[in-house]
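Analysis of the macromolecular model
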Amino acid sequence: MDYFIHPTSIVDDDVEIGKGTKIWHFSHIQSGARIGKNCSFGQNVNVSNNVKVGNDCKVQNNVSLYEGVELEDYVFCGPSCVFTNDLTPRAKYPKGPIGYRKTVVEEGASIGANATVVCGHRVGRWALIGAGAVIVSDVPAYALMLGVPARQQGWVCECGEILPDSLICNKCRRKYIEDDQGLWEDV
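Residues numbered from 1 in each chain as written. Predicted model: local features only at pLDDT ≥ 70, side-chain atom pairs only at ≥ 80, totals over all residues. Heavy atoms only, no water.

A closer look at the state of the cysteines
A complete count under the given rule lists zero disulfides for this structure. Free cysteine C172: the closest other cysteine sulfur is in C157, separated by 3.4 Å. For C172, a relative accessible area of 30% corresponds to the partly exposed category. (Disulfide = S-S within 2.5 Å. Buried < 20%, exposed > 50% of the residue type's maximum accessible area, 1.4 Å probe, protein only.)

In structure tokens, the structure reads:
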């Protein structure tokens, strides 16, 4: 094995785990899950059936990635952040996978501790979701989202710094352009 699984964790059959990935205490990786290389899964993480996780992702303690969730490369999921996969769940009337709505977290996005991402939405590249925020709509690339429900409060650089009005990062000096489609790096 070229990855690490803590002895208290369970990995079902038909799972792919990339080189260098670490799965820590009391986690469960379910059948059909596909996990990239160099990922880190903290304590008590559940990766449900058929979930896709890209390379170099970090999923902190107490996160459940339910079927229908897809994380692209370099995604950060803070402690106890929440994903849903059914907008109208009923214990008495389960729909199963036919009722699941897909949620995609694009490359480099970060979701803060205890934030909730309601299913059926896309979190754009390098977006930053603040701790405790509740995402109820699509999130533009590089957007800073805060509150309940989450509202855009500015833009963030790929390096994670909040961008000033000039859209030139004070830390790494990347430059961005804003248009009616959102924010783009000026290369």
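Digging into the environment of S27
Considering the arrangement of structural elements, one finds S27 in the loop between strand 4 (22–23) and strand 5 (28–29). With a relative accessible area of 2%, S27 lands in the buried category. Considered as a pair, S27 and V47 are 20 residues apart in the sequence and their alpha carbons are 8.2 Å apart. Sequence-distant contacts of S27, that is, excluding residues within four places in its chain, are made with S9, I10, G42, Q43, N44 and V45. Among the polar contacts listed, one links the side chain of S27 to the backbone oxygen of W24, at a separation of 3.4 Å. (Helix = DSSP H or I, 4+ residues; strand = E, 2+ residues; numbered from the N terminus. Contact = heavy atoms within 4.5 Å. Polar contact = N/O pair within 3.5 Å; in protein donor to acceptor, adjacent residues only side chain to side chain.)

Focus on unusual backbone geometry
A cis amide bond, omega -10°, links V148 with the succeeding residue P149. Checked against the element boundaries, P149 lands in the loop between strand 21 (143–146) and strand 22 (151–155). Non-glycine residue N44 carries a positive phi angle of around 60°. By secondary structure assignment, the location of N44 is in the loop between strand 7 (40–41) and strand 8 (46–47). For N44, a relative accessible area of 40% corresponds to the partly exposed category.

A look at the confidence of the model for the protein chain
Averaged over every residue, the pLDDT of the protein chain is 97; the share at 70 or more is 100%. By mean pLDDT, the top-scoring element of the protein chain is strand 13 (residues 76–77) (99), and the lowest-scoring one is strand 24 (residues 182–185) (93). (pLDDT = per-residue confidence, 0-100.)

Structural notes on the nonpolar core
F41, V53, L65, L71, F83 and I129 are the most contacted members of the largest nonpolar core, which totals 46 residues. Looking at this core, the elements that each hand over two or more residues are strand 12 (69–71) and strand 21. Filtering out sequence-adjacent residues up to four positions away, V53 remains in contact with R34, I35, G36, C39, F41, L65 and L71. (Core = buried A, V, L, I, M, F, W, Y, C linked by side-chain atoms within 4.5 Å.)

Some thoughts on the pattern of salt bridges
For the coordinates displayed, the defined rule picks out seven salt bridges. Note that R34 and D14 form a salt bridge whose closest N and O atoms lie 3.1 Å from each other. Taken together, the positions of R34 in strand 6 (residues 34–35) and D14 in the loop between strand 2 (10–11) and strand 3 (16–17) put the pair 20 residues apart, joining distant regions of the chain. A salt bridge links E158 to R174; its shortest N-O distance comes to 3.6 Å. Of the two residues, E158 sits in the loop between strand 22 and strand 23 (176–179) while R174 sits in the loop between strand 22 and strand 23, which places them 16 residues apart along the sequence. Relative accessible area serves as the criterion here: at 26%, E158 is assigned to the partly exposed category. In this structure, a network of salt bridges that share partners links the residues D14, E16 and R34. (Salt bridge = Lys/Arg side-chain N within 4 Å of Asp/Glu carboxyl O.)

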